[in-house]
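# Summary of structural features
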Amino acid sequence: MTTVIGKKEIPVIIVALLSLLMIVPFFINAPALNSMSTEVQRMLVPIAGFALILGGLNVTLRNITKISKRSKDWQFSIVLLATFVFFLVVSLIPSPFFENLYTMAYVTVLGKVNEAVMALIAVFMATMAYRGFKIKNFETLLFTLSCLVVMIANAPIGEAVWAGAPGARNWIMDYPNMAGMRALNIGIALGIMAYGVRTMMGHERIALGDIEIKVKKE
Amino acid sequence: MTSYDVALSLLASGLVLMILSFLYRESGWFSFAEHIVVGGLSGYGAAIGIKNVYYQGLTPLAQGQFWYILAIIAGLLLFAGLFKTLAWWVRVPTAIMIGTGIGLNMRAAVETQVTAQLIDTVRSINTASLTTNINNLIIVIGVCCVIMFFFFSTESKGALKPVGIVGRYFLMISLGSSFAYAVMGRTSLMIARFQDLLSYPNYYTIFLAVALVLYDILKQRKTS
Amino acid sequence: MKLETLLKIDSRWIFLAFLLAVAIPIIRPIGLPLKISENTKQVYDAVESVPDGGIVVLTPDFSYDNTGELLPMLETFLNHLFTKNIKVVSVSYYGAASPLLMETAMKSVGLETYGKEYGMDFVNLGYIAGDETAVAAFGADVHALVKVDHYGTPISELTIMENLRSAEDIDLEISLSAGMNYPELYLRQWQTTFGTKVTGGSVGLIYAPLIPYISSGQLLGYLPSMRGAAEYELLSRKPASAIVGMDSQSLVHLVFIAAIILCNIGVLGSYLKPEGGEDET
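Residues numbered from 1 in each chain as written. Chains lettered and ligands numbered in written order. Predicted model: local features only at pLDDT ≥ 70, side-chain atom pairs only at ≥ 80, totals over all residues.

## Quick word on the overall build of chain B
As a reminder, the rule being used: A helix here means a DSSP run of H or I that spans at least four residues, while a strand means a run of E at least two residues long, and both kinds are numbered starting from the N terminus. Atoms considered for the radius of gyration are the C-alpha atoms alone. The globule rule reads 2.2 Å times the number of residues to the power 0.38. To sort residues by burial, count the other C-beta atoms lying within 10 Å of each one's C-beta; a count of 20 or more means buried, 12 or fewer means exposed, and anything in between means partly exposed. C-beta atoms are built from the backbone.
Broken down by element type, chain B carries 7 helices and 0 strands. From first element to last, N terminus to C terminus, chain B shows the α and β order α-α-α-α-α-α-α. Its C-alpha atoms give chain B a radius of gyration of 28 Å, clearly above 17 Å, the size a compact globule of 224 residues would have. With respect to the principal axes defined by its C-alpha atoms, chain B has extents near 70 × 60 × 40 Å. Of all 224 residues assigned to chain B, the portion counted as buried reaches 43%.

## Focus on the overall build of chain A
Put simply, the rule reads: In this description, any two residues whose backbone-derived C-beta atoms lie within 7 Å of each other are considered to be in contact.
The number of helices and strands found in chain A is 7 helices and 0 strands. Reading the helices (α) and strands (β) of chain A from amino to carboxyl end gives α-α-α-α-α-α-α. The C-alpha atoms of chain A give 26 Å as radius of gyration, which overshoots the globular expectation for 218 residues (17 Å, by more than 25%). Considered along the principal axes of its C-alpha atoms, chain A spans approximately 80 × 55 × 50 Å. In chain A, of all internal contacts separated by at least 6 residues, the share reaching a separation of at least 24 is 18%.

## With respect to the nonpolar core
The cut-off we apply is this: The term nonpolar core refers to a set of buried Ala, Val, Leu, Ile, Met, Phe, Trp, Tyr and Cys residues connected through C-beta atoms within 7 Å.
If you look at the biggest cluster of nonpolar residues, it comprises 212 residues, and the most contacted ones within it are Val113 and Ala126 of chain A. If you tally residues by element for this core, the top one is helix α6 (residues 160–197) of chain B, at 18 residues. Residues in contact with Ala126 of chain A, not counting those within four places in the same chain, are Ile14, Phe18, Val255, Phe256 and Ala259 of chain C.

## With respect to unusual backbone geometry
Note the cis peptide between Tyr200 of chain B and Pro201 of chain B, where omega equals 0°. Structurally, Pro201 of chain B can be placed in the loop between α6 and α7 (203–223). Here the phi dihedral of Asp73 of chain A falls at roughly 55°; this positive angle occurs in a residue that is not glycine. One can find Asp73 of chain A in the loop between α2 (31–68) and α3 (74–92). One non-glycine residue with positive phi stands out, namely Arg237 of chain C, at about 50°. Tracing the backbone shows Arg237 of chain C in the loop between α9 (225–235) and α10 (241–272). By C-beta crowding, Arg237 of chain C is classed as exposed, having 9 other C-beta atoms within 10 Å.

## Here we look at the confidence of the model for chain B
To keep things clear, this is the line we draw: The quantity known as pLDDT measures the predictor's confidence residue by residue, on a range of 0 to 100.
Confidence in the prediction of chain B, expressed as mean pLDDT, is 90, and 100% of residues score 70 or more. As scored by the predictor, the complex reaches a pTM of 0.88 and an ipTM of 0.90.

## Details of α7 of chain B
Worth spelling out the cut-off: The span you would expect from a helix comes to 1.5 Å times its residue count less one.
For α7 of chain B, which comprises 21 residues, the first-to-last C-alpha distance of 31 Å matches the rise-based estimate of 30 Å (1.5 Å per residue) to within 8%. Along α7 of chain B, only 2 of the 21 residues are buried, which leaves the element largely exposed.

## Describing the domain arrangement of chain A
Residues and elements named next belong to chain A. For the record, the criterion: An automatic or database domain assignment supplies the residue ranges for each domain. Throughout this entry, Asp, Glu, Lys and Arg are counted as charged residues, while Ala, Val, Leu, Ile, Met, Phe, Trp, Tyr, Cys and Pro are counted as nonpolar. The remaining residues, Gly among them, count as polar.
Once the domains are mapped, chain A shows domain 1 (8–92) and domain 2 (133–207). On a C-alpha basis, the centres of domain 1 and domain 2 stand 33 Å from each other. With 4 residues of domain 1 at the contact, the number on the domain 2 side is 4 residues. For the side of domain 1 that touches domain 2, a count of residues per class yields 3 nonpolar, 1 polar and no charged.

## Digging into the interface of chain A and chain C
The interface of chain A with chain C comprises 45 residues on the first partner and 48 residues on the second. Mapped onto the side of chain A that touches chain C, the elements with two or more residues apiece are α2, α4 (96–132), α5 (138–154), α6 (156–161) and α7 (165–200) of chain A. Top contributing element to the side of chain A that touches chain C by residue count: α4 of chain A, with 14 residues. A breakdown of the residues in the side of chain A that touches chain C according to their chemical character gives 26 nonpolar, 12 polar and 7 charged.

## Here's the deal with the pairing of strand β1 (residues 55–61) of chain C
On a regular strand, each side chain points to the face opposite its neighbour's, so the side chains alternate between the two faces of the sheet. Residues and elements named next belong to chain C. Here is the rule we go by: Pairing between two strands requires that DSSP report at least two bridges joining them. Crossover handedness is defined by viewing with both strands directed away from the observer: a clockwise path from the first strand over the helix to the second marks the crossover as right-handed.
For β1, the buried fraction is high: 6 of the 7 residues fall into the buried class. Across 4 bridges, β1 lies against strand β2 (residues 87–92) in parallel orientation. Residue Ile55 lies in a different strand from β2, and its bridge partner there is Lys87. Following the backbone out of β1, through helix α3 (residues 67–82) and into the adjacent parallel β2, one traces a crossover that is right-handed. Where β1 and strand β4 (residues 172–177) come together, 6 bridges link them in parallel fashion. Directly across from Leu58, in β4, lies its bridge partner Ile174.

## Considerations on the packing of α5 of chain A against α6 of chain B
Heads up, the condition is: Fitted lines through C-alpha atoms give the axes, limited to the stretch in contact for helices. The angle between two N-to-C directions lies from 0 to 180 degrees. We call a crossing left-handed when the near helix sits turned anticlockwise from the far one by less than a right angle, and right-handed when that turn is clockwise.
Taken N-terminus to C-terminus, the directions of α5 of chain A and α6 of chain B make an angle of 35°; their axes are 7 Å apart at the nearest point. In this structure, α5 of chain A meets α6 of chain B at a crossing whose hand is right-handed. Contact residues: Glu139, Leu142, Phe143, Thr144, Ser146, Cys147, Val150, Met151 and Asn154 of chain A in α5 of chain A; Arg168, Tyr169, Met172, Ile173, Leu175, Gly176, Ser177, Phe179, Ala180, Tyr181, Val183 and Met184 of chain B in α6 of chain B. Within the contact of α5 of chain A with α6 of chain B, the residues separate by chemical class into 14 nonpolar, 5 polar and 2 charged.

## Brief notes about the environment of Leu220 of chain C
Residue and element names in this part refer to chain C. Position of Leu220 among the secondary structure elements: in the loop between α8 (207–215) and β6 (223–224). For the pair Leu220 and Gly266, spaced 46 residues apart in the sequence, the C-alpha separation amounts to 44 Å. Apart from residues lying up to four places away in sequence, Leu220 is in contact with Gln42, Val43, Ala46, Lys197, Val198 and Thr199.

## Points about the sheet that holds β1 of chain C
Pairing between sheet strands relies on hydrogen bonds along the backbone, with the strands arranged either parallel or antiparallel. Residue and element names in this part refer to chain C. Read across the sheet, 6 strands follow the order β3-β2-β1-β4-β5-β6 without closing on themselves; strand pairing throughout is parallel. Edge positions in the sheet fall to β3 (122–127) and β6, since each of these pairs with one other strand and no more. Sheet contacts for α3: β1, β2, β4, β5 (198–202) and β6; angle to β4, the most-contacted strand, approximately 160°.

## As for the pairing of β5 of chain C
Residue and element names in this part refer to chain C. Most of β5 is tucked away: 5 of the 5 residues are buried. In this sheet, β5 lies alongside β4 in parallel orientation, the contact comprising 5 bridges. From the neighbouring strand, Ser177 faces β5, where its bridge partner is Ser202. For the segment spanning β4, helix α7 (residues 181–194) and β5, crossover handedness is right-handed. Sheet topology places β5 next to β6; 2 bridges connect them, and they run parallel. Bridge pairing links Ser202 to Pro224 in β6. The parallel pair β5 and β6, bridged by α8, forms a crossover whose chirality is right-handed.

## Looking at the interface of chain B and chain A
If you look at the interface, chain B gives 95 residues, while chain A gives 94 residues. For the side of chain B that touches chain A, the secondary structure elements donating two or more residues are α1 (3–20), α2 (28–62), α3 (68–77), α4 (91–121), α5 (130–149) and α6 of chain B. Broken down by element, the residue count for the side of chain B that touches chain A peaks at 24 residues, all from α2 of chain B. Class assignment of the residues belonging to the side of chain B that touches chain A gives a composition of 61 nonpolar, 27 polar and 7 charged.

So, in structure tokens, the structure goes:
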């Protein structure tokens, strides 16, 4: 007996059926389908919860391997695991003491350090502006001028020096910028829809992990 | 401020300065603080995941909504990827998430991101105000040219070439203004950190950090 | 001095200039005036137009890595909302830390200051995983999706939740977002489907791509980062940390402008060299 539905087809069928279950009740009045669609949406929330747990588990396993193999900088993996366990435990134990402890540890310490990591980007953006904003042609001139005008208008000191700056910024933002960004948004939306239809029809299988990337050996 | 608060505050600012030390040079201090951030965020994320499974999956199941067992099984299948022989089964929950996501995204995307946007693009260029006419024309030309710039189905030559070039000009203006706002955003993060670092008792850690940097500079000069 | 030497400044001098520009105004504030934009007024008016006893859903979709940008905004929105007779429901779809951020903001704002009561005028529903699916499910049937609030209290015991059954009951959605997809998914799942009004504020990075939605009237204005928060603080007559931070913003922007100008003088210098051409640095 030949198998009509193989391993490759099952994920595609699931994608197609669930996509249609989400789309159809939006356009036609079918209370039964609508409630089924809502129920499936709700059932996806615990699956997303499992994904979060899997993320934590992956981090743990990777670092345990790093420690056991004594890889480069393995000592930092101990720090990472200790912090991981600390936050996992104090976040889960339902007692006022632990709740206070995790709020304090998160809000007072971890959150600030996390923000400092992101704040580093600002400083590197300054060096990027210094090294990358070289006006060499008309495109870079437009890029730099639009950036300079918006920056001047965004800073209160810029407004104080050049009263027309906010007006110039608003014009840039509301017309040329808006036109460019709108076209990008429309393009992205159409691209996502095309990708969705291709996935539903089984033409786009990368997302479902069905394509192995083969590297040709020279 | 209790001594407990002071200690926590000093610990936080110490770790923040370890992160900022990357601006001077990469060192073990930076890696130490970086690993604390990754460990802490993963731990907290995993805990939230467990709570989510408990409240949104196990609780309805315990209340008699037996079909939630399917969600639990699908969620557990995510872990199949950890075992080579079972790895294929990960595709089932992945397909469930992708299928639902695609459907939800597609059903309203046309109206939200395409139709409403196109309606606002088609504006009159025959109003009483010349400025409005010019501005409306800029929008129409800009949107069309940028879309044509990303139209890869035919080669950009002949009449299409200048259209693509004008599209590129519009994109440059958009990206320039976008960069300016990104500067303001990222700077806000540094300002927030400095507002904290320059308050009591955190500023003591700054003196210590500056002293350490000066010591390192002197040490490097001596060795070179 | 040869002009092209301006292209060879050590990055660490720029780092130092940046950090000093951030720190000096914090130690010695300048107090530059700030103009309020039409966009901010539009957001303010959207909040003002919420009817008496109406329900506002506030979604802090950001984490601790964006507090500098969005926490002042969250606080200023709460301050404004609590001066009015409006029910505020907070829920997040972004990340696990968002409910804690709401707690931080609430500690700073203080429900008691405005004579409000938890469960009656405000509720923190916490974080719901699942992104777009969760937003769609919340919009369709709140009570079927959410069983307890962030502290484990069943929502059936919270008076505020009695009148919030679906997105149709939301008078205004205020989205504070660190990612481009968040305002878009509220537009897709709540506005297009249920006609919910959407406004809010975002990090600077995603503000420019959101302008088309403001222009089309889908978003009722949107605040850009710290500047937006500072203007809103002024408008609601409650100056706080965002306005204080704007002095640092001024100096940092000057550093950026100076860096761009210096670099281009250097480029000009390299073109003017007798042998021509530019040094690639």
